[in-house]
Amino acid sequence: MKRLVLLAGALAVTTAAHAADETDMKANGEFRVRYYNDMTPSGIKDTPANKSDIEGRMKLGFTLKKGEKFSAHMTMLHGTKFGDEKALGGGAANYSAHNANNGLIVNQAYGWWKAGESYSLKAGRFNVELGGGEFFSADGWNLVPTTHEGFLGVFDTDFASIAAALVKVSEAGTATSADSDPEAHNIIVSADIKNMPEAVKTANLTLVQMSKSETSTPASGAKNAQHIGVTVGGDMSNVFWKAVAAFQMGVLSKTAAAETKLAGNMFDVTVGYGMPETMGLKMWANYHMDSGDDNAADDSNNDYQALFYDSHKFAGLMDVFGWGNLTYWNIGASMTAADDLEVGLGLYGFSKSKENGGTLNASGNDRFAAFRGGAAAAKADLGMELDVWASQKYASNFSIDANLGMFMPGAAFKDATPKRETTIMQLMLAGTMMF
């Protein structure tokens, strides 16, 4: 009997060790430190409100792979502004509050199943990256990247690679007698079309159904809105191009008292010319327009809903403005000045699409909310921005990025009270290590 027990124990240990051998674990991560120096961010000469601060972010990702068809992934993240939550007076209480508000968070946690040769399913909390980031992206410039919770299926065919997602935006919990399953969700279908003409390298169609049931606590209107987005781009000889369009319709909010319809749209077009043999020189021109609303009294909202786009990628590196009631043009150029050193510049001209409408924040890393809030209501000209940037890559996946931005206020700020007519300057330095 004793031998039988020992044999059973040895067999169990051997089986567990064999199972462990079949599980492959890989780790990856990122460490980033970023310094900002905002000079006269108020736009007011006599009260400049200068500010400088440092951000740090650490990401650790772990992937457990079981065979070829099953895996699970988790990303742990710590992102903070150095010294945040601490008063200048110091003391143990300040450190206690600081530490309590800057712990690790779970940014991603999902399982993946390769259900067949051409289709797979993901479930849990994950980034949604579609097209070129014009509608859905992780928006990784922010301290905390954007994630969604739900299910994502990918089906690959000869015609297209199709992604379909059911995302739970919010869950209100227990329904009251006036509510029916109070929640909000997005249904997303995105297709990257294949076998296009040689001049077309990218062709994406993204459809989104945005739904929310009405809740009474807190009071919130129902939503039944649709988004149609198209992205096409490519190159031919030395010319490259990209065009993005989006159309939004449906019901933005419906309560017992009123119904607000959605009617938004967006267009973004880029044309450029590259000379690879001349230090990788690229030059481009871009035009963007998205709809705005200047009549809050009617039953429609024409402000373009920017969804979860890659906010830092568009509308200037200073992130003064975000999509929504925004029109701008941009011209720029970049080149490889030396081995692994890329430099560039961009000039932007901003205006409101509707002069009586408001302006929106650029991203979760909004540094200019107070400045935008001081804009005059009936002026369309927002101003101009000049960005000069450099990016140096080193061995071991380390890089340093720098940007010097200058924002020159337009009439919407110069004619405000008080006048916000002083040029805003921003210096950004960042070091990033990937591993």
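Above this text sits the structure in question.
Being a predicted model, the structure only gives us computed values, none of them experimental. (Residues numbered from 1 in each chain as written. Predicted model: local features only at pLDDT ≥ 70, side-chain atom pairs only at ≥ 80, totals over all residues. Heavy atoms only, no water.)

Draft legend 1. Just the overall build of the protein chain, in detail. In terms of regular secondary structure, the protein chain is built from four helices and 21 strands. A burial count over the protein chain gives 37% of its 435 residues as buried. Look at the contacts in the protein chain between residues 6 or more apart in sequence, and 60% of them connect residues 24 or more apart. When the accessible area of the protein chain is evaluated, it comes to approximately 22,600 Å², of which 62% is carbon and sulfur surface. (Helix = DSSP H or I, 4+ residues; strand = E, 2+ residues; numbered from the N terminus. Buried < 20%, exposed > 50% of the residue type's maximum accessible area, 1.4 Å probe, protein only. Contact = heavy atoms within 4.5 Å. Areas by Shrake-Rupley, 256 points an atom, 1.4 Å probe, with all protein chains shown as cover.)

Draft legend 2. Region of interest: the packing of aromatic side chains. Within the structure shown, the criterion is met by 18 aromatic pairs. Ring geometry for Tyr110 versus Phe126: centroids 6.4 Å apart, planes at 90°, classification edge-to-face. Remark: Phe126 occurs in strand S5 (residues 119-126) and Tyr110 occurs in strand S4 (residues 105-113); sequence separation between them is 16 residues. Using a relative accessible area of 17% as the deciding quantity, one classes Tyr110 as buried. Ring centres of Phe136 and Phe308 lie 5.7 Å apart, and the angle between their planes is 40°; this geometry places the pair in the tilted category. (Phe/Tyr/Trp six-rings, centres within 6.5 Å; stacked < 30°, edge-to-face > 60°.)

Draft legend 3. Representation of the pattern of salt bridges within the structure. Within the structure shown, the criterion is met by 17 salt bridges. The shortest N-O distance in the salt bridge between Lys168 and Glu183 comes to 3.2 Å. Note that Lys168 is positioned in strand S7 (residues 160-171) and Glu183 in strand S8 (residues 183-193), a separation of 15 residues in sequence. Residue classification places Glu183 among the buried residues on the basis of a relative accessible area of 16%. Each of Asp38, Lys51, Asp53 and Arg367 takes part in one network of salt bridges that share partners. (Salt bridge = Lys/Arg side-chain N within 4 Å of Asp/Glu carboxyl O.)

Draft legend 4. How the structure looks around unusual backbone geometry. With an omega dihedral of -5°, the bond running from Thr417 to Pro418 counts as a cis peptide bond. You will see that Met279, though not glycine, has its phi angle at about 55°, which is positive. Here Met279 lies in the loop between strand S14 (259-275) and strand S15 (281-290). Even without being glycine, Asn325 reaches a positive phi, approximately 55°.

Draft legend 5. Region of the structure containing the pairing of strand S18 (residues 341-352). Where strand S17 (residues 326-338) and S18 come together, twelve bridges link them in antiparallel fashion. When the bridges of S18 are listed, Gly332 appears paired with Gly346. (Pairing = 2+ DSSP bridges.)

Draft legend 6. Up close: the side chain of Ser334. Its place among the elements puts Ser334 in strand S17. With residues up to four places along the chain from it excluded, the contact list for Ser334 reads Gly280, Leu281, Lys282, Trp284, Glu342, Val343, Gly344 and Trp389.

Draft legend 7. Seen up close, the environment of Arg57. Here Arg57 lies in strand S2 (residues 51-66). With a relative accessible area of 3%, Arg57 lands in the buried category. Along the backbone, Arg57 and Thr432 are 375 residues apart, and their C-alpha atoms lie at a distance of 9.4 Å. Excluding residues that lie within four positions of it along the chain, Arg57 makes contacts with Glu30, Phe31, Arg32, Leu77, His78, Gly79, Gly140, Asn142, Leu143 and Pro145. Side-chain polar atoms of Arg57 contact the backbone oxygen of Gly140, separated by 3.0 Å. (Polar contact = N/O pair within 3.5 Å; in protein donor to acceptor, adjacent residues only side chain to side chain.)

Draft legend 8. The arrangement of the nonpolar core in detail. Residues Phe321, Trp323, Leu326, Tyr328, Phe350 and Phe407 are the most contacted members of the largest nonpolar core, which totals 39 residues. Elements with a minimum of two residues in this core: S7, strand S9 (202-212), strand S13 (239-254), S14, S17, S18 and helix H4 (411-414). Among all residues touching Tyr328, those that are not within four sequence positions of it are Asp268, Asn286, Tyr287, His288, Phe314, Ala315, Trp323, Tyr348, Gly349 and Phe350. (Core = buried A, V, L, I, M, F, W, Y, C linked by side-chain atoms within 4.5 Å.)

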